[in-house]
Amino acid sequence: MSRIDRNEQRVTLILQAALQCFLAKGFHQTSMRDIAQAAGVSLGNLYNHFPGKEAIILAVAVAESEELAPMLQRLAAADGERAQVLAFLQDFHALCRQPEWATLAVEVLAESARNRAVAEAFAANRRQLQQVLGDALRGIARRERRRPALAPALQAQVLLDAIESDALRQGLGEGGSVEDAALDLELLARLLGSRA
């Protein structure tokens, strides 16, 4: 294994350990020492890879973007097919409702209110999601030769807001059952659909 591969592997290990610490204790209660211990590396080695906790949180934003990339690629290739767009919404909803994702969303929201760099990194991911979804919704309207009830960008924002707020409620222990939430999402997608 090359030195570059070992470094990449170590960075991945550190990020996984950091995520576990963030999920267990929150961003502010987690120290760099906690992360080093969880990753099984020395504190000095941790600082060789990340100059501070903010850099780790920003790396989490990059990891989020990479995790979403395959879903966004499929959505971008939907070519106006409503079923594929609805499949994306259901997949994204399922991802957001995962307990770890929901808990991390609560932490990101709180940290974003305090830290402009963190807010911008995660906002960039959100803008990309909204742009690709808006384009897909515009594609549905073109394909079905209908005029959207809402502008596609606004429709995308409302759908993402509904999904993400459900995840936040889930992270705070207020979410309903997955079945109820899935029905609500389907209803919302229909309500926001196109009109003749």
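Residue positions are counted from 1 within each chain, in the order its sequence is given. The predicted origin of the model limits local features to residues at a pLDDT of at least 70 and limits the giving and counting of side-chain atom pairs to 80 or more, whereas totals for whole chains, interfaces and linings rest on all residues. Side-chain measures here rest on the full set of heavy atoms in the structure, leaving out hydrogens and waters.

Brief notes about the overall build of the protein
What counts as a helix is a DSSP run of H or I of at least four residues, what counts as a strand is a run of E of at least two, and both are numbered from the N terminus. Secondary structure assignment for the protein yields nine helices and two strands. When the helices and strands of the protein are read in sequence order from the N terminus, they spell out α-α-α-α-α-α-α-β-α-α-β. The buried share of the protein, taken over its 196 residues, is 37%. Summarising the internal contacts of the protein: among those between residues at least 6 apart in sequence, 71% fall at separations of at least 24. With residues, only the protein chains shown are counted as cover, and all accessible areas are computed by Shrake-Rupley using a 1.4 Å probe. Carbon and sulfur atoms make up 52% of the accessible area of the protein, which amounts to about 11000 Å² in all. Between buried and exposed lies partly exposed: a residue is buried under 20% and exposed over 50% of the maximum accessible area for its type, with that area taken using a 1.4 Å probe on protein chains only. Residues are treated as being in contact if the distance between any of their heavy atoms lies within 4.5 Å.

Considerations on the packing of helix H4 (residues 53-76) against helix H7 (residues 116-143)
Angles shown run from 0 to 180 degrees and are taken between the N-to-C directions of axes, each axis being a line fitted to C-alpha atoms and, for helices, limited to the stretch in contact. Where H4 meets H7, the closest approach of the two axes is 9 Å, and the angle between their N-to-C directions is 5 degrees. For the element pair H4 / H7, the angle class is roughly parallel. Residues Glu 54, Ile 57, Leu 58, Val 60, Ala 61, Glu 64, Ser 65, Leu 68, Leu 72, Leu 75 and Ala 76 of H4 touch H7, and the partners they reach there are Ala 117, Val 118, Ala 121, Phe 122, Asn 125, Gln 128, Leu 129, Val 132, Leu 133 and Ala 136. Amino acids outside the nonpolar list (Ala, Val, Leu, Ile, Met, Phe, Trp, Tyr, Cys, Pro) and the charged list (Asp, Glu, Lys, Arg) are all regarded as polar, and Gly is one of them. Across the contact of H4 with H7, the residue classes tally to 16 nonpolar, three polar and two charged. If an angle is under 35 degrees, it is roughly parallel; if it is over 145, roughly antiparallel; if it lies from 65 to 115, roughly perpendicular; otherwise it is oblique.

Examining the side chain of Asp 166
Turning to its location among the elements, Asp 166 is positioned in helix H8 (residues 152-171). On the basis of relative accessibility, which here comes to 6%, the residue Asp 166 falls in the buried class. Each polar contact in these results corresponds to two N or O atoms within 3.5 Å; when the atoms are within protein, one needs to be able to donate a hydrogen and the other to accept it, and residues that are neighboring in sequence are counted only if both atoms are side-chain atoms. Among the polar contacts made by the side chain of Asp 166, one reaches the side chain of His 93 at a distance of 3.1 Å.

Examining the packing of aromatic side chains
Any aromatic ring pair is given by two values, namely how distant the centres are and how the planes are angled relative to each other. For Phe, Tyr and Trp, where Trp contributes only its six-membered ring, two rings pair if their centres lie within 6.5 Å, and the inter-plane angle classes them as stacked under 30 degrees, edge-to-face over 60, or tilted in between. Following the criterion strictly, the structure yields two aromatic pairs and no others. Aromatic pair Phe 88 and Phe 92: ring centres 5.9 Å apart, planes at 5 degrees, arrangement stacked. Residue Phe 88 and its partner Phe 92 are located together in helix H5 (residues 82-96), separated by four residues, close to a single helical turn. For Phe 92, a relative accessible area of 2% translates into the label buried.

A short note on helix H2 (residues 32-39)
Of all the residues in H2, the buried ones are Met 32, Asp 34, Ile 35, Ala 36 and Ala 39. The inward-facing, buried residues of H2 abut helix H1 (3-25), helix H3 (43-49) and H4. A positive backbone phi angle near 70 degrees is found at Gly 40, which sits one or two residues after H2.

Considerations on the pattern of salt bridges
Within this document, salt bridges are pairs made up of a side-chain nitrogen of Lys or Arg and a carboxyl oxygen of Asp or Glu, the two lying within 4 Å of each other. Applying the stated rule across the entire model yields 10 salt bridges. When the shortest N-O distance is used, the salt bridge between Glu 81 and Arg 143 registers 4.0 Å. In this pair, Glu 81 is assigned in the loop between H4 and H5 and Arg 143 in helix H7, connecting sequence segments 62 residues apart. Note on Arg 143: relative accessible area 46%, which makes it partly exposed. A network of salt bridges, in which partner residues are shared, links Asp 79, Glu 81 and Arg 143.

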